[in-house]
Number of protein chains: 2
Amino acid sequence: MPLDYTNSVPLYIQLKDRIEEKVLHGTYTGKVPSERELMDEYYISRSTVRQAFDALTREGRLSKNREKELLSL
Amino acid sequence: MPLDYTNSVPLYIQLKDRIEEKVLHGTYTGKVPSERELMDEYYISRSTVRQAFDALTREGRLSKNREKELLSL
DNA sequence: AATAATTTGTCCGTATGTATA
DNA sequence: TTATACATACGGACAAATTAT
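Now for a quick tour of the structure. (Residues numbered from 1 in each chain as written. Chains lettered and ligands numbered in written order. Predicted model: local features only at pLDDT ≥ 70, side-chain atom pairs only at ≥ 80, totals over all residues. Heavy atoms only, no water.)

## Observations concerning the pattern of salt bridges
Residue and element names in this part refer to chain B. The condition that has to hold: The term salt bridge refers to a pairing of a side-chain nitrogen on Lys or Arg with a carboxyl oxygen on Asp or Glu at a separation within 4 Å. Secondary structure elements follow DSSP: runs of H or I of four or more residues count as helices, runs of E of two or more count as strands, with numbering from the N terminus. Burial classes follow relative accessibility: with a 1.4 Å probe on protein chains only, a residue under 20% of its type's maximum area counts as buried, one over 50% as exposed, and anything between as partly exposed.
Throughout the structure, instances matching the rule amount to 15 salt bridges over all chains. For K16, the salt bridge goes to E59, with nearest N and O atoms at 3.4 Å. Placement of the pair is K16 in helix α1 (residues 11-24) and E59 in the segment after α3 (46-58), with a sequence separation of 43 residues. On the basis of relative accessibility, which here comes to 8%, the residue K16 falls in the buried class. Note on E59: relative accessible area 36%, which makes it partly exposed. Where R61 meets E59, a salt bridge forms, and the shortest distance between an N and an O atom there is 3.6 Å. By relative accessible area, which is 21% here, R61 ends up partly exposed. It is possible to trace a salt-bridge network through shared partners that takes in K16, D17, E20, E59 and R61.

What follows is the structure, given as C-alpha cells:
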C-alpha cells in the first residue's frame, strides 16, 4: 500500500517504518531493495528514500551495504 | 553552441531540444551520438545526457538503439 | 573466432536550488 | 524560520552488452 500523504508523519519516517516491518517479518530475503525499487514502489523521490536510509543508518539498523541487519531491534 | 547554464530550463531539456532539432534537420546521418560524444560536445555529465535520452524515449522520439526515429515529430 | 576497447545500464554518493507546509 | 519533499546536476564504480581489432 502507498504511503499516506495526509499523515503528518514524514514520508521518509513512514518508509523507514515500512522497511523495519519487512525486515522483522523476513520479507526481504537478501538485501533491502535499491533506492530505485523503493522509489518505484512507493512513488516517492530518491531524496526521500535516502532520508529513510539515513534515518535507519543513524539508528544503527542499516549497514553500509544494506544487509538486513537486525541490530538492536 | 554550449547550453545555457543561466537559463531556468534544465540542461537535459535544452539538450533534448538540440537533439530533436538536429534530427529534424538531418544533422545526424546514422544514429544519435553516443553519451560520451554528447558529454564532450556540451560539457555536461553523463547523467544529464541520459536524462535527455530518457525524456526523448518517454515522448516516443527515441528508440532503444537510438536510431534517428522521427516518430510523431 | 577470440580478444580488446567502447558503450551502455544500473546504482550510489554528494551538492544545490526550489517549493511549501 | 525550519523541516520536508522534489528536481536537477555532478561524479564514480561496476557489470553487461556491443563494437572494433
